[in-house]
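Listed below, chain by chain, are the residues.
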Amino acid sequence: MSERRLVMVPGPINYEPSVLRELAVSGLDHTSPEFVEIFADALGKLREIVYAGKEHQPVVIAGTGTLGMEASVTNFLTKGSRVLVVSNGYFGDRFKELLSRYPVKTDVLRPDTIGNGVEASRIIEAVEKGGYDLVTLTHVDTSTGVLQPIREVGKKLRNTGTILVVDGVCSVGGEEINLVEDGVDVLFTGSQKALGVPPGLAIIWLSPKALEKLKELKEPLSPYYMDLKKWVEVMRSYEEKKPVYFGTPAVNLVVALRKSLELILREGMENRVRRHMVLSEAFREAMKALGLGILASEKYTAHTITAVKLPGGIDAGTLVSFARSAGVAIARGLLKEVNYFRVGHMGPVNANDVIATIAVIERALYKQGYLSRLGDGLIRAQEVLARHEF
Ligand code: PMP
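Scope of this entry: the structure provided in the associated data block.

### Section: the overall build of the protein chain
Helices and strands together make up the secondary structure of the protein chain, namely 14 helices and 15 strands. Over its C-alpha trace the protein chain gives a radius of gyration of 21 Å, about what one expects of a compact globule, namely 21 Å for 390 residues. Across its three principal directions, the C-alpha atoms of the protein chain cover 65 × 55 × 35 Å. Per-residue burial for the protein chain yields a buried fraction of 59% across its 390 residues.

Here you go:
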C-alpha cells in the first residue's frame, strides 16, 4: 500500500513534512532550557493567531478537542449553573451531552433547519430572558459545515457576567477569529485540524474576564486534570522561563506546534483565511456544477469544511469507499437525517489537493451513473482558482 494518500477528511489532515519532522526530536525533557524556550515561544504565537493580547492566557494540555471542550465549560460552572448551548449539529449537541453529566441546567437553541446557523438576535433574546452563567457557540460545526458568527453575541455579553465559550476545533487556524473584537472569553481547539499538528493537543485561550472568573468561582465542577487554575499557573511559569510541573507536557507535539505556528504566521493569518475562502469556494462551486447541493446555507457557510448533499439514489458510503481506494480520504456525513458526505479543506491544503478531490468525486459519481460526463466540476473549480492567485 502506498503511503501517498491525500487526507481530505475534516481532520486529521495531511501535515507539513517540516512539522512532522519535529515529532522526531529527541533529548528534550519538559524542564530542559531548550523546551522551556520552545513552549514559551509557542504560547506567544498562539496569542498572535487569534489576535489576543498579552493579558489573554493560552493553555496547552495533552488531550483531544473534547478535553478542551469539557475543561472550557466545567471550570466556569458550579452546582445549579445555567448554560445556553447554541447547536448547529453534532458537535453543538455534544455540549449538551457532556453537560448532562454535571449538576447544571442546560437549554439548547437550534436553527430552524439543518444547514442554517442561529440568528444572533435569537441568541441575544434568549440570553436576556435566561440569566445564563455561560453560553456556548460552535464556530464551525464539522457535521454540517455551518459557521456560526460570533461578534454580535460577543459584544452583547462582553460587559456581563456571562462567559462566552467558543468551540474553535474546526475553525482556529482557518477561519478569522479575533478574540478581543469578537468578545470571546474561552476559545478552544484541537491540534489536528487547521492548526496543522497531529492529534493530541487541546488548546484553550482565556480572556481577562475568564481568568478573573477562574479566581472568583468557588467549587467549580472541573475534574482534577482539567483544573484550568493549575494549568494557567504552569503556562505562566513556562512563559517566565521557570517551568513548574502539573502533568507532563506532550513535549514532541508542542515542538511540532511551535513549528506549525511559525509557518502559519509566516503565511499571515489574513492570507491564510483568504486561501481557505478561495479553496472552499472552488470546491463548493465544483459541487454545484455537478448538480449537488451544499448543506450549509450561503449565509452560514464555513471555509474549512464542506458538507455536500447527495441525491436519493447515490450512496454516500460507496462514494467515500471509492475515493479512499483511489487514494483520497473524504468523510461520510455524521447526521442520519441527511444523505451527504463531507470534505475538509484546511491547514496546509492547496489548489492541487482540491482539484484532485473534485476529480475523484466526479469519477465516483460517474461510475455510480449519476453523471453522464466528466469534467464539469473541475472546469468550474479551475475558473474560480484562476480568478485568484492559484
Ligand atoms: N468540536 C468540533 C467542532 C469538532 O469538529 C471536533 C472533532 N471533529 C470536536 C469538537 C472534538 O474534538 P476531538 O475529536 O479532537 O476530541
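That shown, we press on.
### Points about the nonpolar core
By size, the foremost hydrophobic cluster in this structure holds 84 residues, and its most contacted members are Ile49 and Leu206. Sequence-distant contacts of Ile49, defined by excluding residues within four places in its chain, comprise Val172, Ile177, Leu195, Trp205, Leu261, Ile264, Leu265 and Met269. Membership of the second largest hydrophobic core comes to 34 residues, among which are Ala316, Val320, Ala351 and Leu385.

### Describing the site of the ligand
Thr64, Gly65, Thr66, Phe91, Arg94, Val140, Thr142, Asp167, Val169, Gln192 and Lys193 make up every residue found near the ligand. In this structure, an oxygen atom belonging to the ligand sits 2.5 Å away from a side-chain N or O atom of Thr66. Between the ligand and Lys193 there is a distance of 2.8 Å, counted from a nitrogen atom to a side-chain nitrogen or oxygen. Across the complex, the protein chains shield 86% of the 390 Å² of accessible surface that the ligand would expose by itself. Residues of the shell around the ligand, tallied by class, amount to 3 nonpolar, 5 polar and 3 charged.

### Examining the sheet that holds strand β4 (residues 105-109)
Ordered in space as β2-β10-β9-β8-β5-β3-β4, the 7 strands form an open sheet in which the pairing is mixed. Here the strands that pair on one side only, and so sit at the sheet edges, are β2 (57-62) and β4. For this sheet, the mean inter-axis angle between neighbouring strands, taken without regard to orientation, is 20 degrees. Examined bridge by bridge, β2 and strand β10 (residues 201-206) share 6 bridges and lie antiparallel to one another. Paired with Val59 across the strands is Ile204, a residue of β10. Contacts between helix α2 (residues 33-49) and the sheet are confined to β2 and β10, with β2 contributing the most and set at about 120 degrees to the helix. On the sheet, helix α4 (residues 90-99) packs against β3 (82-86), β4, β5 (134-138), β8 (163-167) and β9 (186-190) and is oriented at approximately 160 degrees with respect to β3.

### Regarding the packing of aromatic side chains
Scanning the entire structure with this criterion turns up 8 aromatic pairs. Ring plane angle 75 degrees and centroid distance 6.1 Å describe the contact between Phe95 and Phe188, whose orientation is recorded as edge-to-face. Highlighted residues: Phe95 in helix α4 and Phe188 in strand β9, separated in sequence by 93 residues. Overall, the relative accessible area of 0% leaves Phe95 in the buried class. Judged by its relative accessible area of 0%, Phe188 is buried. Residues Tyr224 and Phe246 carry aromatic rings whose centres are separated by 5.4 Å and whose planes lie at 70 degrees to one another, so their mutual orientation is edge-to-face. A residue pair is termed long-range when its members are at least 10 positions apart, and Tyr224 in the loop between α8 (208-216) and α9 (228-239) and Phe246 in the loop between α9 and α10 (251-267) qualify at 22 residues. Tyr224 sits in the exposed class, given a relative accessible area of 63%. For Phe246, a relative accessible area of 15% translates into the label buried. The rings of Tyr224, Tyr225, Trp231 and Phe246 are connected pair by pair, giving a single aromatic cluster.

### Observations concerning the side chain of His303
Position of His303 relative to the elements: it lies in the loop between β11 (293-294) and β12 (305-309). Note on His303: relative accessible area 15%, which makes it buried. His303 has contacts with Leu147, Glu175, His276, Met277, Ser280, Arg284 and His345, leaving out every residue within four places of it along the chain.

### Considerations on the pattern of salt bridges
Here the structure, examined in full by the defined rule, presents 26 salt bridges. With its nearest N and O atoms 2.9 Å apart, the salt bridge here joins Asp107 to Lys105. Residue Lys105 is classed as partly exposed on the basis of its relative accessible area of 42%. Among the salt bridges present, the one from Asp182 reaches Arg151, with a minimum N-O distance of 2.6 Å. Pair noted here: Asp182 is in helix α7 (residues 179-182) and Arg151 is in helix α6 (residues 151-157), with a separation of 31 residues, a long-range link.

Each value, and the rule that gives it
- Residues numbered from 1 in each chain as written.
- Predicted model: local features only at pLDDT ≥ 70, side-chain atom pairs only at ≥ 80, totals over all residues.
- Heavy atoms only, no water.
- Helix = DSSP H or I, 4+ residues; strand = E, 2+ residues; numbered from the N terminus.
- Rg over C-alpha atoms; globule rule 2.2 N^0.38 Å.
- Buried < 20%, exposed > 50% of the residue type's maximum accessible area, 1.4 Å probe, protein only.
- Core = buried A, V, L, I, M, F, W, Y, C linked by side-chain atoms within 4.5 Å.
- Contact = heavy atoms within 4.5 Å.
- Near = heavy atom within 4 Å.
- Polar contact = N/O pair within 3.5 Å; in protein donor to acceptor, adjacent residues only side chain to side chain.
- Areas by Shrake-Rupley, 256 points an atom, 1.4 Å probe, with all protein chains shown as cover.
- Nonpolar A, V, L, I, M, F, W, Y, C, P; charged D, E, K, R; others polar.
- Pairing = 2+ DSSP bridges.
- Axes fitted to C-alpha atoms, helices over the stretch in contact; angles between N-to-C directions.
- Phe/Tyr/Trp six-rings, centres within 6.5 Å; stacked < 30°, edge-to-face > 60°.
- Salt bridge = Lys/Arg side-chain N within 4 Å of Asp/Glu carboxyl O.

Just geometry here; none of it tells us what the structure is for.
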